[in-house]
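Here are the chains, one letter per residue:
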Amino acid sequence: MPLFHARVQVTLRPSVLDPAGEATRAAAARLGVQGVQRLRIGKSVEVALEAPDLAAAEAQLGLLSDRLLANPVIEDWTLELAEAE
Amino acid sequence: MTIGIVVFPGSNCDRDVRWALEGCLGQPTRFLWHEERDLTGLEAIVIPGGFSYGDYLRCGAIARFAPVLEEVSAFAGRGGPVLGICNGFQVLTEMGLLPGALTRNRSLHFLCESTRLQVEPGACQWLHHYTSGEQISLPIAHGEGRYQVDPEELQRLEERGQVVLRYVANPNGSLGDVAGLSNQRGNVLGLMPHPERACDPTTGGIDGRRLLEMACS
């Protein structure tokens, strides 16, 4: 069965306050890095998945992302997916 | 009549809930390990506070898949009384028994203090012994208690009277000052404050007592 490598990026929805991101943005200024207008913290999840084909892998990862890795009430997710070399 | 108390790896208020129910109210309880499925003979279920599964991924996200919660979900669907306290509230939202999500406190601080709450019992059977507009004091102890939901849903919750507990002085940035939510039917209550820590006058008040008494009636 082919192996697929995926990276799921989970980010807070734009409407949701990110206090940790705001605190980090404030620290960036104290470090001397000026001009940071926006800093949002999310999660990156790496997955190696066996599936019959790309479409099946995408379907499984969609389910995984929607139902477990992200909470759609507060988070969005995006998927990068490729068959392993 | 026995009350079930769900225990996950990482629960830490399970014994407090047992002490409040048995020690203060004389009510028998049974611990439900997360892998159990047998709810026979239980009149109500409490999902206690703590850090189920280490709060990995998101608070309550892994707990949601515990076998015991499939049964708790069915129990709630049959109208059985279910109470989620703190992490238990987070679990109820992840399960979809209550809408919305609990997120990081606005201040980023873990808050451990007494809070004033305004009670609007509505149809919530857990709050049957409180009067509308009554103010009570219960302790909070959480890092992720900021209630989040989209504005239209919050509006609907308000209209249906499901926002049953509200902070008088919002400590964590919760939308709508939400401290506790009921489902529409009134048998499921999730709240961030800890009623089980307010059942004995020697440990700071008894305002939580009437809430837990509902599990016994």
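For the structure given in this document, a descriptive report is provided here. Owing to the predicted nature of the structure, the values given are computational and were not obtained by experimental measurement. The written sequence of each chain sets the order in which its residues are numbered from 1. Working convention: letters from A go to chains and numbers from 1 go to ligands, in the order in which they are written. Given that this is a predicted model, residues contribute local features only at a pLDDT of at least 70 and side-chain atom pairs are listed and counted only at 80 or more, while totals for whole chains, interfaces and linings are drawn from all residues. Hydrogens and waters are ignored; side-chain quantities use all the structure's heavy atoms.

## A short note on the overall build of chain A
Helical segments are the DSSP runs of H or I of at least four residues, strand segments are the runs of E of at least two, and each set is numbered from the N terminus. When you go through chain A residue by residue, the secondary structure sums to 2 helices and 3 strands. The N-to-C order of helical and strand elements in chain A reads β-α-β-α-β. The C-alpha atoms of chain A give a radius of gyration of 16 Å, which is well past the 12 Å a tight globule of 85 residues would have. Taking the principal axes of its C-alpha atoms as reference, chain A extends roughly 50 × 30 × 15 Å. Note on contacts: a residue pair is in contact if any heavy atoms of the two residues lie within 4.5 Å. For chain A, the share of sequence-separated contacts (at least 6 apart) that also reach a separation of at least 24 residues comes to 73%. The accessible surface values rely on the Shrake-Rupley method and a 1.4 Å probe; as for residues, cover is taken only from the protein chains in view. For chain A, the accessible surface area stands at approximately 5,300 Å², while carbon and sulfur atoms represent 54% of it. Distance between charge centres in chain A, computed from 8 positive and 12 negative side chains, equals 14 Å. For a compact globule the rule gives 2.2 Å times the number of residues to the power 0.38, and the radius of gyration it is set against comes from C-alpha atoms. As used throughout, the charge tally considers Lys and Arg to be positive and Asp and Glu to be negative, leaving His and the chain termini uncounted. Just so you know, the charge point we use is NZ for Lys, CZ for Arg, CG for Asp and CD for Glu.

## What about helix α3 (residues 87-95) of chain B?
Residues and elements named next belong to chain B. Among the 9 residues of α3, 9 are classified as buried, and the element is accordingly described as predominantly covered. Three or more residues of α3 are buried, namely Asn87, Gly88, Phe89, Gln90, Val91, Leu92, Thr93, Glu94 and Met95. Within two residues after α3, Gly96 carries a phi angle of roughly 85°, on the positive side. Exposed residues in this analysis have more than 50% of their type's maximum accessible area, buried residues have under 20%, and partly exposed residues fall in between, with area computed by a 1.4 Å probe over protein chains only.

## Some words on the side chain of A:Glu75
With respect to the helices, strands and loops of the structure, A:Glu75 is situated in strand β3 (residues 75-83). By relative accessible area, which is 8% here, A:Glu75 ends up buried. Ignoring any residue separated from it by four or fewer positions in sequence, one finds A:Glu75 in contact with A:Val10, A:Thr11, A:Leu12, A:Arg13, A:Lys43, A:Leu69, A:Ala70 and B:Arg58.

## Regarding the pairing of strand β10 (residues 178-182) of chain B
All names here are of chain B. In terms of burial, β10 is a largely internal element, 5 of the 5 residues being buried. The pairing criterion for strands is at least two bridges between them, as found by DSSP. Summarising the sheet, strand β9 (residues 163-167) and β10 pair through 3 bridges and their orientation is antiparallel. Bridging across to β10, Leu165 finds its partner in Gly180. Direction of pairing for β10 relative to strand β11 (residues 188-191): antiparallel, over a ladder of 3 bridges. Bridge pairing links Leu181 to Gly190 in β11.

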